Structures are given as structure tokens and as C-alpha cells.
Number of protein chains: 2
Amino acid sequence: MKTNTKIPGWKDKILFTPGPLTTSPKVKQAMLRDLGSRDFEFIGVIKGIRELLLKAGQATSDEYTTVPLQGCGTYALEAVIGCYVPQDGKLLVVINGAYGHRIAKIASVLKIDFETMEFPEDQTPDPAQIQAKLKSDPNITNVAITHCETTTGIMNPIKEVGAIVKAAGAKFFVDAMSCFGAVPTNLAECNIDYLVSSANKCIEGVPGFSFVIAKISSLLETEGNARSLSFDLCAQYKGLEANGQFRFTPPTHAMLAFYQALLELDAEGGVEARAARYRNNYETLVKGMRKMGFEEYLDQKVQGYIITSFRYPKDPNFSFEKFYEALNERDYVIYPGKVSNADCFRIGNIGRISASDVRDLLGAIRDVIKEMGLKLL
Amino acid sequence: MKTNTKIPGWKDKILFTPGPLTTSPKVKQAMLRDLGSRDFEFIGVIKGIRELLLKAGQATSDEYTTVPLQGCGTYALEAVIGCYVPQDGKLLVVINGAYGHRIAKIASVLKIDFETMEFPEDQTPDPAQIQAKLKSDPNITNVAITHCETTTGIMNPIKEVGAIVKAAGAKFFVDAMSCFGAVPTNLAECNIDYLVSSANKCIEGVPGFSFVIAKISSLLETEGNARSLSFDLCAQYKGLEANGQFRFTPPTHAMLAFYQALLELDAEGGVEARAARYRNNYETLVKGMRKMGFEEYLDQKVQGYIITSFRYPKDPNFSFEKFYEALNERDYVIYPGKVSNADCFRIGNIGRISASDVRDLLGAIRDVIKEMGLKLL
């Protein structure tokens, strides 16, 4: 790929990716301050973030709590896996994409007893099979699944699986990294013990920390269970409850931005309104892409509106690198694919973008197709 | 403590803390952009950061490499401890303050074989005793020490200890969290295998990531040794070397700020010039504090210019909470003490502050002493 010859910073590209995303100007401007990490005002910001995240998960503060964690989303996955599986416990990882595999990889590195249950990447996991598995193996104490599997954009049936996990007496962990805040989810109704997401996804903050929303009773059971000092969620929770402060230096600027992002989520009309905007982005995108001859990888029945995988066109002149680069030169950033058995690229529908941005992207794609001399129809 | 009744954000307080610190306007303004984490321009920023950090450590790229790591400084400590001590290795932790104890705590949680060697908080570790210890216990494969122990502000003799560790054939890890970039250090001359610091310390960036500067040969030896997926420094290094990108989402905004901060370090005249500014801050502070009757905790011979611990005045009317709060109301943030055997508070000399800011702080302290009716002399 050739390098971009424009003046650096002349104009920001629009990010149609799974994150970091395009954020609002005010979210970024909120970072123009240096607050002490133990200062009153910052303690108020942490408190506000923890409360507003519960609201976004339709959770009450007597049952659930938010534990923000410094670092990226994978850290929060590792923190939950390392804390919630007891030393003599066994984890079942339900997998239909790369992020399910990542959870299994974490369990493997942490030397936690685990088993995987794999489903094809274009299919949602079958709750009946999970139920049968839990019945056949009473050693399983913990279950993990992704909500929106970012590999493809598929939406997994967390409510059905949650009911089954609860009935089996196991703890339920949902990796909702790419969709929390944009897919209405009632944590209690889904029997979720732990859910994770990160600052730079559908809440539209900047990267720098992730967060766990945990059932308080489940979290307290894990005391002393952590395989890491940094990722000890129970200690992190107890520290925050004791004096409102982090144990270790928090990313103050990213948290100021996130608080502003949560206020903007509220101003937009909450999770339902954000879901509607993203769905509109998705529908605009898919309609336009189909018109040009692109095909989605997933069946529409299981496709979510967070991110969409498109198959490479069959025209032998198509080169993803050239396609990506030509769009990049036009200031639109799309994303490579991650599906294991098909050549795909991905376009995200999330972040501070609207249907008009999607239409601009579609126009750019149309130009690039012409420029590359591709025949799609 | 009562809450601050001023309008939030009306003016930022000046931070005389160990970090997060006061940063320059341009450092913060560098965050007003959303870059894709896999975009060309951001890859250039990562590269620039890695190179400029080597320069700050007087290290060459054929011998050393920089591995930035998402999250706070403690994460980088845990990453090094979890990677550099072999499964059958033994760690010696040299301790003269809370941050030495933190390293030992990490080793304990990670179930790594370790031993501590404790020295009083007001004394530097004795190299001869460390040498004797290494001779008496050939099982010790790894040694860890802090450079500036932020508990007191004491500067530890890393060059002398490094030579001893090298002679014993062990690996040497220096936690230079609070002083890297402001205390001239030649990594090779100090025989350092691993050094860590974080974005929001003497380079004057914002919090969000930490970094390890590692001897490449030592780092490569640790392949497959990590006790964590997130904190696998060798994998992080190999990922960065392969395509210039992070394995997991980096804090793009904090890294843009840090790159700007590194350019400003260079413009100021590099580490030597920054050392001179901080030393001037320190000398101005100590001179003014002594004049008012405050006493430093440490003997001047071992006191560094990064952060200074002052003993509580003997006047029974002194209350640290009231003192802190009164300074906070005047927009000066100081820091509580951490010394285990004496009542102290701390004042940091680092960040985008100059001697004139220190003089302003001294004036505020004088006013507060009068207001509290304290007799110090």
C-alpha cells in the first residue's frame, strides 16, 4: 500500500470500523483538561459513569455494579475469565467467531479448565445443544458467549442461553464489546452475571478503558480468586466503593470524554434511539451495497446492525488492498474481514455517523468500483 | 472534606502530584482527532513514540526496543514480572518503599517464586548486601528495583546494582515509573534488561498506557513465558514489529498526546533540560518550605528532584485534610504521604510546571498556614 500523501491531520477520516470510532467534537473537547485522579470532581465523573452504564443495561444499583478497568476490551475479558471461574471450576466457551476463540485462548493461557462448543460462523449457537451439554457435564460452572460476534456481525441469542445457564446453576458471562449501548439489553432478564464492553464502542467514547457490569452477589463470590493483581475485579470494585477512586491511575481524559459520551447517549434518547440510528445506517448501507452487486456474508435473519461482513466480489480484478486504499484516500476507513472460511471485508455502522455519512461512503465505493473497472452485476 | 462549590471546569487546578500531571495545551489538543488504530498515520505515530523513547533512554534500536502497553503503569510492572521470570526462576525484589512492595505483591499473586530484600524507606539499598545475597542464592535469576521510589522521592543506585546483577548472570528490571525522561539514564550502561514507565509521568503525556523498554535479546528469551494473554510483552513486540500495529485496541488519543509530548521534550532540550527544570522546581520548593518551617522526610543526600515528602508540622492544630482542602480550594493539588513510619505529605515537582508555579504554591501554603493559625517556627 502506498502512503497517504496528504498533510497529516488535514481532515479526519470517517471510521466505518468496529472501533476506535468517529466521536463527537464535544466528546473529544472534554479531554482538554487535566484533573487529578483523586480529585473531587473526577470522583464525581467516575460515579456518573458507573451509574449511567447501569442505566444503559437497564440494571439497578442494588443488583448490579459497574467496574471500569484501565486498558482495552481484551483486558476486561481476561479480567472476567481470570476472576469468575473458581480455581476448581470449569468454563464452557460458546464460539461462533474469532472473539469466542479469544475467550478460549485467554482461558488456555490462564491454565483454566475449559471446553469449547463451536458453531459455524454464519449460524447462531443452538440453545438446545448448550442445554444438553450443561446437563451432560455437571462440572461446568461458568459459561461465556459473545453477544454481537464482531467477526461477522451475527447477533447471538443471549437471553435464551442465559435462561439455560441459570437453570443449570452456572455463571453467565456475555462479551457485549461491540454492541453494548446500542442493542437494548436488560441484564437481569438475560440472567447475566458479567457483561463487558469498552469505551470506544457504541457509547461513542475514546479508547483507554473497558468496563464490566457485574451482578454484585456474583462479583463478591470471586474475592481472592483473581489470577492477576491488575485484573482483580473484586478488589477494583471494593476500592471504588470505599472512596470512589481507582486503585491504580485511571485514564482521566478518556473518562472525561466517556462521561460526555454518556450524556450525549442520554440526549439522543438512550439505547433505543441509538439502536434506531445504527439500524438506519445498516439498512442504508445494505440497500446501497446490494444495488451495486455486493452480497452480505450472513443471512439477514441473524445479521445485526452493528457491523456487516460483505463477500469479496467475484470479479478477478478485485483486490481488497486496492479497494481499501482507494476508499482511504477518499477519507473513508473500512475494515478487513475476519471470517475463516470466506473472503470478506467489513463495514461498521457505529460511532458518530448517520445515514448521510453512509450514503457518502456508498458514493465513494461506486466511484472506486468504476475506477478499478470492476463488474459486480 | 466539603465539596468544591466552584463551577466544574471553570479553571484547571495545578497538579503537584506524582501523576496524572498538568500537561501542555498542545498535548491535550493533539487528542482532538479520531484516528483508526490500523491507519497509516497512526502507525507512524506508534513508530515515532517507540523511537523517541529509545532516545530518551540513550538506547540504540539494535540493542533495545520499546513495547507500549495499554493501561496504567501497574500493568506494565505486572507484564514484566509475569514475562521475564522463567517458570522455574526466582525473583529478588529490592524494596525501600510502597512500589517495591507492589512488585512483590504482583509476584505473590502470580505465584512466582520470590524473595524480598528490605531496606529502610529513608535509605538507599546497599549494593554490597545485594551482591552478597546474589552470591549466597544462585537460584535467583531475576532482580527488580525502583529507580525513584515515589513513596519518599528517594533515588536508588540503579547503575551500581545493575553491574552487580549482570555479574551474577541475572536479569535486571528497573521500575522507573515516576522519573523516566527526567533523570538522565543510559539503559545499556546500567545493564537494564527491562525498564518501565508510563505516559502520564515525566514525558508529560496523559494517562492511558505504559511502556516497557527492553533489551531485545532478553525479551526474545521470554517467548511463551507470559502468564497472561493481555500482558504478553513478547507477543506485543512481535505484533508491533510485524505490521506496526497493536494486537488489541490501543488508546489512540492518549498516544497522539504522547507523541506531541515527546516532541515537546525534544524541543525543551531533551532529558537533561527537563531534569534542569524539575530540579529548579524542587530547589525552589524546598527552599521555600524550609523557610516556613517544614522539614523534608529524607536526607538531602538521597532526595531526588521528582517528588518530595514533607513531615507534618508538629503543631497539634495541623490537619492534613484541612491543609489539603484549603490548597485545593486555591486550585493547587498536593498529594498525601505514603511513608510507613512517619506522617508526611508529598509535593511533586514534575509536569508542565515551572518555578513560578512553585512560588505560587508556596504563597498559597503561606496563606493557608496563617488561616489555620499554625506555628511552624
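Residue positions within a chain follow its written sequence, with the count starting from 1. For naming, the first written chain is A and the first written ligand is 1, with later ones following in the order written. It should be noted that, the model being predicted, local features are given only for residues of pLDDT at least 70 and side-chain atom pairs only at 80 or more, the latter also being counted only at that level, while totals for whole chains, interfaces and linings use all residues. Excluding hydrogens and water, the side-chain values take into account all heavy atoms of the structure.

Novice: Pulling in residues and values, what's your account of the packing of helix α9 (residues 252-268) of chain A against helix α10 (residues 270-292) of chain A?
Specialist: Residues and elements named next belong to chain A. Interaxial angles span 0 to 180 degrees and are taken between N-to-C directions of axes, which are lines fitted to C-alpha atoms, for helices over the stretch in contact. In this text, helices come from DSSP runs of H or I with a minimum length of four residues, and strands from runs of E with a minimum of two, each type numbered from the N-terminal end. Taken N-terminus to C-terminus, the directions of α9 and α10 make an angle of 80°; their axes are 7 Å apart at the nearest point. Between α9 and α10, the crossing angle belongs to the class labelled roughly perpendicular. Note on element contacts: α10 touches α9 through Gly270, Val271, Ala273, Arg274 and Arg277, opposite Glu264, Leu265, Asp266 and Glu268. The cut-offs work like this: below 35 degrees is roughly parallel, past 145 is roughly antiparallel, 65 to 115 is roughly perpendicular, and the gaps in between are oblique. Here a residue-residue contact requires only that any non-hydrogen atoms of the pair lie within 4.5 Å.

Novice: Account for the nonpolar core, naming residues and giving values.
Specialist: Where a protein is soluble and globular, its nonpolar side chains tend to be buried together. Nonpolar core, defined: a set of buried Ala, Val, Leu, Ile, Met, Phe, Trp, Tyr and Cys residues in which side-chain atoms within 4.5 Å join the residues together. Only protein chains enter the accessibility calculation, which uses a 1.4 Å probe; a residue whose area is less than 20% of its type maximum is buried, one above 50% is exposed, and one in between is partly exposed. One finds Ile306 and Phe323 of chain A together with Ile306 and Phe323 of chain B to be the most contacted residues of the largest nonpolar core, which totals 266 residues. In this structure Ile306 of chain A touches Cys148, Ser178, Cys179, Ala182, Val183, Cys202, Tyr278, Gly348, Asn349 and Ile350 of chain A, once residues within four positions along its chain are discounted.

Novice: Please provide a residue-by-residue account of unusual backbone geometry, values included.
Specialist: Residue and element names in this part refer to chain A. Look at the link from Gly19 to Pro20: it is a cis peptide, with omega at 0°. Mapping Pro20 onto the fold places it in the loop between β1 (14-15) and α1 (25-29). Here Glu204, not a glycine, exhibits a phi torsion of approximately 70°, which is positive. Among the structural elements, Glu204 can be located in the loop between β9 (194-198) and β10 (209-215). Of the residues examined, Glu204 reaches a relative accessible area of 1% and is grouped as buried.

Novice: So what's going on with the pairing of strand β11 (residues 307-311) of chain B? Which residues, and what values?
Specialist: Working note: regular strand, side chains alternate between the two faces of the sheet. Residues and elements named next belong to chain B. A large share of β11 lies buried, amounting to four of its five residues. Pairing of β11 with strand β14 (residues 344-348) involves five bridges; the strand directions are antiparallel. Bridged to Thr308 within β14 is Ile347. Here, a strand pair is defined by DSSP locating no fewer than two bridges between the strands.

Novice: Now, about the interface of chain A and chain B: what can you tell me, with residues and values included?
Specialist: Across the boundary between the two partners, chain A contributes 59 residues, which contact 59 residues of chain B. Around 4700 Å² of area is buried between chain A and chain B when both sides are counted, 59% of it from carbon and sulfur atoms. Together, Asp34, Phe40 and Leu229 of chain A form the three largest contributors to the area buried by chain A at its contact with chain B, with a combined 15%. Salt bridge, as used here, is a side-chain nitrogen of Lys or Arg placed within 4 Å of a carboxyl oxygen of Asp or Glu. At the boundary of chain A and chain B, one finds six salt bridges. For Asp34 of chain B, the salt bridge is made with Lys28 of chain A, and the minimal N-O distance between the two is 2.5 Å. Whenever a nitrogen or oxygen atom comes within 3.5 Å of another N or O atom, the pair is scored as a polar contact, on the condition that within protein one atom can donate a hydrogen and the other can accept it, and that pairs from neighbouring residues in sequence are kept only if both atoms are in side chains. Between the two partners, chain A and chain B, sit 22 residue pairs in polar contact (both at pLDDT 80 or more). Sorting the residues of the side of chain A that touches chain B by element identifies α1, α2 (40-56), β2 (64-70), α3 (73-84), α4 (98-109), α9 and α11 (320-329) of chain A as the ones contributing at least two each. It is α4 of chain A that provides the largest number of residues to the side of chain A that touches chain B, a total of four residues. Here's the idea: put two parts together, see how much 1.4 Å probe accessible area each one loses, and the total over both is what we call buried area.

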